[in-house]
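Inside the fold
What follows is each chain in one-letter form.
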Amino acid sequence: MHYFEGHWGGMHIIWWIIWLVLLVWIFFIPYDVPYQKSSNEDPMQILRKRFAKGEITKEEYEDSKKTLETDK
């Protein structure tokens, strides 16, 4: 069998390139996926962001802040 004779040889190479690009994307690219928890943020930064976005109320913010400060 000769893979590179005729017009099918080019298609064979194209499929290998497609698979290679797909595998590289799967294993090396998605380090900064949206909604992925970032490991470099401390709990206080996350709490401040949630309060700034309006996800939690002032009472919840202050209660959580006290809890975090007493746990240290």
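Residues numbered from 1 in each chain as written. Predicted model: local features only at pLDDT ≥ 70, side-chain atom pairs only at ≥ 80, totals over all residues. Heavy atoms only, no water.

**As for the overall build of the protein**
To be explicit about the condition: Only DSSP runs of H or I with at least four residues qualify as helices, and only runs of E with at least two residues qualify as strands; both kinds are numbered from the N terminus onward. Relative accessibility decides the category of a residue: with a 1.4 Å probe and only protein chains considered, values under 20% of the type maximum give buried, values over 50% give exposed, and everything between is partly exposed. Areas reported as accessible are Shrake-Rupley estimates using a 1.4 Å probe. Residue values count occlusion only from the protein chains shown.
Scanning the protein from terminus to terminus reveals 3 helices and 0 strands. Walking the protein from its N terminus toward its C terminus, one meets helices and strands in the order α-α-α. Residues classed as buried in the protein amount to 7% of the 72 residues present. As displayed, the protein offers around 7100 Å² of accessible surface, 64% of which is attributable to carbon and sulfur atoms.

**A short note on the packing of aromatic side chains**
The criterion, for reference: Any two rings among Phe, Tyr and Trp, with Trp reduced to its six-membered ring, count as a pair given centres within 6.5 Å; such a pair is stacked if its planes are under 30 degrees apart, edge-to-face if over 60, and tilted if neither.
Considering all chains together, one arrives at 1 aromatic pair under this definition. Measuring from centroid to centroid gives 4.6 Å for F51 and Y61, while their planes differ by 20°, and the two rings are stacked. Linking F51 in helix 2 (residues 43–53) with Y61 in helix 3 (residues 58–71), this pair joins segments that are 10 residues apart in sequence. Since its relative accessible area comes to 13%, Y61 is described here as buried.

**Topic: the confidence of the model for the protein**
Keep this limit in mind: The pLDDT score gives, residue by residue, the confidence of the prediction method on a 0 to 100 scale.
The pLDDT averaged across the protein works out to 79; a share of 69% of its residues lies at or above 70. Taken element by element, the protein is modelled with least confidence in helix 1 (residues 8–28), mean pLDDT 81, and with most confidence in helix 2, mean pLDDT 92.

**Brief notes about a negative patch on the surface**
Here is the rule we go by: Only residues whose relative accessible area exceeds 30% and that take part in no salt bridge are eligible for patches, with like-charged residues grouped when within 9 Å of each other and nonpolar side chains (Val, Leu, Ile, Met, Phe, Trp, Tyr) grouped when within 5 Å. One side-chain nitrogen of Lys or Arg within 4 Å of one carboxyl oxygen of Asp or Glu is enough to make a salt bridge. Only four residue types enter the tally: Lys and Arg on the positive side, Asp and Glu on the negative side, with His and both chain ends excluded. Charged side chains are reduced to one point each, which is NZ for Lys, CZ for Arg, CG for Asp and CD for Glu.
Negative charge collects at one region of the surface, where E59, E60, E62 and D63 lie side by side. Summarising the element assignment, E59 is placed in helix 3.

**Observations concerning the pattern of salt bridges**
Enumeration according to the criterion identifies 1 salt bridge in this entry. With a closest N to O distance of 3.1 Å, E55 and R50 form a salt bridge.

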